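As a plain string of letters, each chain reads:
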Amino acid sequence: MMAAHLPALLQERGVDFSVANVENAAGGFGITPAVADELFDLGLDAFTSGNHVWDQREALPLIASDPRLLRPANYPPDVPGRGFRVFQTSNGTPVGVLNLCGRVFMPALDCPFRVGAEAAARLRAETPVILVDFHAEATSEKVALGWHLDGKVSAIVGTHTHVQTADEWILPGGTAFLSDAGMTGPFHSVIGVKRQNAIKRFLTGLPKKFETATGPAQLNGVLVTVDPKTGKAEAIERIQIRETEGETKSGPRGSGNG
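Now for a description of the structure that goes with this document. Going along each chain's sequence as written, the residues are numbered from 1 onward. Thresholds applied to this predicted model are a pLDDT of at least 70 for local features of residues and 80 or more for the giving and counting of side-chain atom pairs; totals over whole chains, interfaces and linings are not thresholded and use all residues. By convention in this description, side-chain values take in all heavy atoms of the structure and omit both hydrogens and water.

1. Some points on the overall build of the chain
Phase 1 of the analysis: Put simply, DSSP marks the helices as runs of H or I at least four residues long and the strands as runs of E at least two long, and each gets a number from the N terminus on. Along the backbone of the chain there are six helices and 12 strands.
Phase 2 of the analysis: Radius of gyration here is computed from C-alpha atoms only, and the compact-globule reference equals 2.2 Å multiplied by the residue count raised to the power 0.38. A compact globule built from 258 residues would reach a C-alpha radius of gyration of about 18 Å, and the chain, at 18 Å, matches this within 12%.
Phase 3 of the analysis: Seen through its C-alpha atoms, the chain measures out along the principal axes to roughly 50 × 40 × 35 Å.
Phase 4 of the analysis: A burial count over the chain gives 47% of its 258 residues as buried.
Phase 5 of the analysis: Contact criterion: two residues are considered in contact whenever any of their non-hydrogen atoms come within 4.5 Å of each other. Relative to all contacts within the chain whose residues are 6 or more apart in sequence, the contacts with residues 24 or more apart total 56%.
Phase 6 of the analysis: Using the Shrake-Rupley algorithm and a 1.4 Å probe, accessible areas are obtained, with residue cover drawn only from the displayed protein chains. Surface accessibility of the chain: about 12500 Å² in total, with carbon and sulfur atoms responsible for 53%.
Phase 7 of the analysis: In this count, Lys and Arg are taken as positive residues and Asp and Glu as negative ones, while His and the chain termini are left out. Charged side chains are reduced to one point each, which is NZ for Lys, CZ for Arg, CG for Asp and CD for Glu. Considering the chain, the positive charge centre built from 24 side chains and the negative charge centre built from 28 side chains are found 5 Å apart. The buried label goes to any residue with under 20% of its type's maximum accessible area, the exposed label to any with over 50%, and the partly exposed label to all in between, with areas taken from a 1.4 Å probe on protein chains only.

Dropping the structure here:
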């Protein structure tokens, strides 16, 4: 799905800088060096992640050595990798990327609100253009972080639930916000998992190994336009490309501004 549609999408929409959350990129479980190379070859500039990025043993040295791959900044400081960094677009514009993980219904970590504000201040010393991937379960926690960092970052995009939300808008301080960008993966599934396995687990309450589904896929994402001088968002637009029985339907799913 990514190989079939991402390069054309980046070119058609004139994207200067692209980021993908890759915590489930290796068949639904973590990330590997081989998969990372494949995705970078498609034109992606940076990777964010979340609590499942550690699922593959191969990921540990990759996280420690590849500066293009971020893990949540609010993990303990002795965990391999980095949680934020300044990248550059092809025309030399610096872009700060910050990865955070929520705590509601998630593993216990440092406070994303405090860590996020501190990291954003450090990034703003180098660039006003800052993107935050907030990998969190609860919409309320995502919305609260949006208000907390409004005016301090350019965009806050949530990940983790696999379901694209329709609450995109630009906050009063100039920060673009979306609760969840949604997943890229099989659509005839339960958030990417074979639906029969998920249904049986719900029916019986017994453990059932999750397997990645197959079939028609969808690519979900969000396009944010930012003023490089001020770092304020000018527009935010949801993107969804969905394949159904050999047919591809694509287009913007909505847009928001102040």
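So much for the structure itself; the text now carries on.
2. Description of the side chain of His135
Phase 1 of the analysis: Secondary-structure assignment places His135 in strand β5 (residues 130-135).
Phase 2 of the analysis: Overall, His135 belongs to the buried group, its relative accessible area being 1%.
Phase 3 of the analysis: Among the polar contacts made by the side chain of His135, one reaches the side chain of His160 at a distance of 3.0 Å.
Phase 4 of the analysis: Each residue touching His135, except ones within four places of it in the same chain, is listed here: Asn21, Glu23, Ser49, Gly50, Asn51, Leu100, Cys101, Gly102, Met106, Thr159 and His160. The term polar contact refers here to a pair of N or O atoms within 3.5 Å; inside protein, the definition further demands a hydrogen-donor-capable atom paired with an acceptor-capable atom, and it admits residues adjacent in sequence only when both atoms are side-chain atoms.

3. Some thoughts on the sheet that holds β5
Backbone-to-backbone hydrogen bonds join strands into a sheet, with any given pair of strands oriented parallel or antiparallel.
Phase 1 of the analysis: Two strands make a pair as long as DSSP finds a minimum of two bridges between them. Spatial ordering of the open sheet is given by β3-β4-β5-β6-β8-β7, a layout of six strands whose pairing is mixed. Two strands lie at the open edges of the sheet, namely β3 (84-88) and β7 (169-170), each paired on one side alone.
Phase 2 of the analysis: Sheet topology note: the strand β4 (residues 94-101)/β5 ladder contains six bridges and is parallel. In the strand pairing of β5, Gly96 is matched with Ile130.
Phase 3 of the analysis: For helices, the axis comes from a line fit to the C-alpha atoms of the stretch in contact; other axes are also lines fit to C-alpha atoms, and the angle between any two N-to-C directions lies between 0 and 180 degrees. Those strands touched by helix α4 (residues 112-124) are β3, β4 and β5, and its axis lies near 170° from that of β4.
Phase 4 of the analysis: Packed on one face of the sheet, helix α5 (residues 139-148) meets β4, β5, β6 (155-159), β7 and β8 (176-178) and runs near 165° to β6.

4. What to know about the pairing of β6
Phase 1 of the analysis: Most of β6 is tucked away, with five of its five residues classed as buried.
Phase 2 of the analysis: Both β5 and β6 contribute to a ladder of five bridges, which runs parallel. Residue pairing for β6: Val132 is matched across the bridge by Ile156.
Phase 3 of the analysis: Look down the strands so they point away from you; if going from the first strand over the helix to the second traces a clockwise path, that crossover is right-handed. As for the winding sense of the linkage, the β-α-β connection from β5 through α5 to β6 is right-handed.
Phase 4 of the analysis: Relative to β8, β6 runs parallel, the two being bridged by three bridges. Bridge assignment links Ala155 to a residue of β8, and that residue is Ala176.

5. Quick notes on the pairing of β3
Phase 1 of the analysis: Relative to β4, β3 runs antiparallel, the two sharing five bridges. Opposite Arg85, over in β4, you have Val97 as the bridge partner.
Phase 2 of the analysis: Counting the residues that bridge the hairpin from β3 to β4 gives five residues, and of these Gly92 lies at a positive phi of roughly 90°.

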